[in-house]
Amino acid sequence: MSAEPEKPGVSDIRQAARLSVAPMMDWTDRHCRALHRALSREALLYTEMVTAAALVRGGAVHLLEHAPQEHPVALQLGGSDAAELAQAARLGAGAGYDEINLNVGCPSDRVQSGSFGAVLMKSPDLVAECCAAMIAAAPVEVTVKCRIGVDDQRPEEVLPDFLARVSKAGVRRFAIHARMAWLDGLSPKENRDVPPLDYPLVRAMKAEFPHLHLSVNGGIKSLDAAEAFLAAGMDGVMVGRAAYHQPADILCAADRRIFGATGPDSAAEGAARAMLPYIEAHLAAGGRLHQVTRHMLGLFAGRPGARGWRRTLSEGATRPGAGPELVEAALGEVTSLAAE
Ligand SMILES: Cc1cc2nc3c(=O)[nH]c(=O)nc-3n(C[C@H](O)[C@H](O)[C@H](O)COP(=O)(O)O)c2cc1C
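As the structure is a prediction and not an experimental result, all values here were calculated from the model.

Student: Describe the overall build of the chain, with residues and values.
Tutor: On a plain count of helices and strands, the chain comes out with 16 helices and 8 strands. For the C-alpha atoms alone, the extent of the chain along its principal axes is close to 60 × 45 × 45 Å. Counting every position in the chain, which comprises 340 residues, the buried fraction comes to 50%. Taking the intrachain contacts of the chain between residues at least 6 apart in sequence as the baseline, contacts between residues at least 24 apart amount to 72%.

Student: Which residues make up the packing of helix α4 (residues 82-95) against helix α6 (residues 124-137), and what values do they have?
Tutor: Viewed as axis vectors pointing N to C, α4 and α6 meet at an angle of 35 degrees, and their least axial separation amounts to 8 Å. When you trace α4 past α6, the crossing you get is right-handed. Across the interface between the two elements, A82, A83, L85, A86, Q87, A89 and R90 from α4 touch E129, C130, A133, M134, A136 and A137 from α6. Partitioned by chemical class, the residues of the contact of α4 with α6 number 10 nonpolar, 1 polar and 2 charged.

Student: Can you break down helix α9 (residues 223-231) residue by residue, with the values?
Tutor: Buried within α9 are the following residues: L223, A226 and F229. Burial along α9 is one-sided: seen end-on, the buried residues are contained in an arc of 120 degrees. Turned more than 90 degrees off the buried face of α9, the exposed positions are D224 and A231. Buried residues belonging to α9 abut β1 (19-21), β7 (213-217), β8 (236-239), α11 (247-251) and α12 (254-257). Looking one or two residues past α9, G233 carries a phi angle of roughly 110 degrees, positive in sign.

Student: Lay out the pairing of strand β6 (residues 173-177) in plain terms, naming residues and giving numbers.
Tutor: Burial of β6 is extensive: 5 of the 5 residues sit out of reach of the surface. Taking every second residue as pointing to the same face, both faces of β6 are buried, with R173, A175 and H177 on one and F174 and I176 on the other. The sheet contact formed by strand β5 (residues 141-146) and β6 spans 3 bridges and is parallel. Paired with V144 across the strands is F174, a residue of β6.

Student: Go over the site of the ligand, please, and point to the residues and values.
Tutor: Around the ligand, 23 residues are found, and the nearest of them are A22, M24, M49, G240 and R241. Listed by contribution, the elements that provide at least two residues to the shell around the ligand are β2 (44-51) and α10 (241-245). Per-class residue counts for the shell around the ligand are 10 nonpolar, 8 polar and 5 charged.

Student: Could you give me a rundown of the domain arrangement of the chain, with the residues and numbers involved?
Tutor: Here the chain is partitioned into domain 1 (10-257) and domain 2 (268-339). Taking only C-alpha atoms into account, the centre of domain 1 sits 29 Å from that of domain 2. Among the elements of the structure, α2 (30-39), α10 and α11 are those that each provide at least two residues to the side of domain 1 that touches domain 2. By residue number, the principal contributor to the side of domain 1 that touches domain 2 is α2, which donates 6 residues. Here the residues of the side of domain 1 that touches domain 2 sort into 9 nonpolar, 3 polar and 1 charged.

Student: Describe the packing of helix α7 (residues 155-168) against helix α8 (residues 199-208), with residues and values.
Tutor: The geometry of α7 relative to α8 is characterised by a closest axis approach of 11 Å and an angle of 40 degrees between their N-to-C directions. Looking at the two axes, α7 sits oblique to α8. Note that α7 runs across α8; the crossing there is right-handed. Contacts from P155, E156, L159, P160 and L163 in α7 reach L201, M205 and E208 in α8. A breakdown of the residues in the contact of α7 with α8 according to their chemical character gives 6 nonpolar, no polar and 2 charged.

Student: Go over the sheet that holds β6, please, and point to the residues and values.
Tutor: In space, the 8 strands of this closed barrel follow the order β1-β2-β3-β4-β5-β6-β7-β8, with parallel pairing throughout. Recorded for the sheet is a direction-independent mean angle of 25 degrees between the axes of neighbouring strands. Examined bridge by bridge, β2 and strand β3 (residues 73-78) share 5 bridges and lie parallel to one another. Paired with V50 across the bridge in β3 is L77.

Student: Kindly report on α7, identifying the contributing residues and their values.
Tutor: Here α7 contains 14 residues, and its C-alpha end-to-end distance of 19 Å stays within 8% of the 20 Å for a straight helix at 1.5 Å per residue. Directly after α7, the chain includes G170, whose backbone phi takes a positive value near 115 degrees.

Student: Got a sec to walk through the UniProt feature "site: Interacts with tRNA" (unreviewed entry) in the chain? Specific residues and values, please.
Tutor: Within the UniProt annotation, "site: Interacts with tRNA" (unreviewed entry) is assigned to N103, K189, R192, R307 and R310. Judged by maximum C-alpha separation, these annotated positions cover 208 residues in sequence and are scattered in space, the widest gap reaching 35.2 Å. Following the sequence through the fold, N103 ends up in strand β4 (residues 99-104). C-beta crowding within 10 Å serves as the criterion here: with 23 such atoms nearby, N103 is assigned to the buried category. Residues contacting N103, with those up to four places away along its chain left out, are M49, Q76, L77, G78, F116, G117 and K145.

Student: Describe the nonpolar core, naming the residues involved and giving the relevant values.
Tutor: Among the nonpolar cores identified, the biggest contains 108 residues, and A89, C131 and M134 are the most heavily contacted of them. It is α6 that contributes the most residues to this core, 8 residues altogether. Formed jointly, this core draws a minimum of three residues from each of two domains, domain 1 (10-257) and domain 2 (268-339). Every residue in contact with M134, bar those within four places of it in the chain, is listed here: L85, A86, A89, I100, L102 and V142.

Thresholds applied
Residues numbered from 1 in each chain as written. Predicted model: local features only at pLDDT ≥ 70, side-chain atom pairs only at ≥ 80, totals over all residues. Helix = DSSP H or I, 4+ residues; strand = E, 2+ residues; numbered from the N terminus. Buried ≥ 20, exposed ≤ 12 C-beta atoms within 10 Å, placed from the backbone. Contact = placed C-beta atoms within 7 Å. Axes fitted to C-alpha atoms, helices over the stretch in contact; angles between N-to-C directions. Left-handed = near helix turned anticlockwise from the far one by under 90°. Nonpolar A, V, L, I, M, F, W, Y, C, P; charged D, E, K, R; others polar. Arc of directions from axis to C-beta. Pairing = 2+ DSSP bridges. Near = placed C-beta within 6 Å. Domains from an automatic or database assignment. Parallel < 35°, antiparallel > 145°, perpendicular 65-115°, else oblique. Expected span 1.5 Å × (residues − 1). UniProt positions renumbered as here; feature names shortened; annotations may be inferred. Core = buried A, V, L, I, M, F, W, Y, C linked by C-beta atoms within 7 Å.

Below is the structure:
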């Protein structure tokens, strides 16, 4: 169906999108992404959402900072003004991001009042217009993360219509959070749990739009579950909270199991050690230890010593002068128990 040439790097990033870590505000900052990259070489990582207005009107280009090791990494933008999104996409691509993603899923009040996020499910033509402008402006792939519908919409009608209209504008890859957002009455947190998941609808979209690259998101808690979606024909799986709270469970074996890499799986302990030079550089640049270690608390979740690891880091990391030796001490909690 699509005869237009692909932008450079698109096939690589589509491969990486077989498994991605979802954009999560306040969570998937660059320190978190450094940890996730220490666990998986291959998985696609997303930034937190950055609003186009902050970049373009506010000049907050520091929000684009990221490290070369993070690739493949996608910048998620929020907004609904095509010209502003185009400019933000250009800035993002210029800063080196491999993909620009538009947020059509976030249900928070603040975002609703700015008329973007999930409420844009009601304006597919506006989303298409925004995406066309972003595609024209940015030399990297433009993708969309959406819901299956909002409020009183009927997902089985709205979602295919949304995908058809937005893909006509040139978007070839979507991540679909497989539940509605109920904007009236539910908090953002409730909107991640209360509306029921509808995986069959997302799978049906793959059958209806075989030329699109579709990732399923929402409630996927293990690598087994991710593999099952891929085996059932989905192109990609996006994991949010489980990747944050139990990063080793989701990411240690991902390169082998999802991407067919050879070589040993990564390990939580190795990732913790790999973070030590990163932490030293962060502290040397004036940063604080807890800014990095707060994302590492779940690294040993479900393993012997996890509680001691978590306690050592959370009690000590905010103390003035705390440094990498605290991470070594926390590792002692894990390794001493593992040796028993
Ligand atoms: C703390 C938090 C912040 C989030 N921030 C964003 C965001 O900035 N952009 C976005 O598209 N989704 C955001 N989400 C939604 C996730 O990307 C994902 O769609 C959702 O958590 C469902 O996937 P999961 O069940 O695997 O967590 C956020 C989720 C959480 C838990």
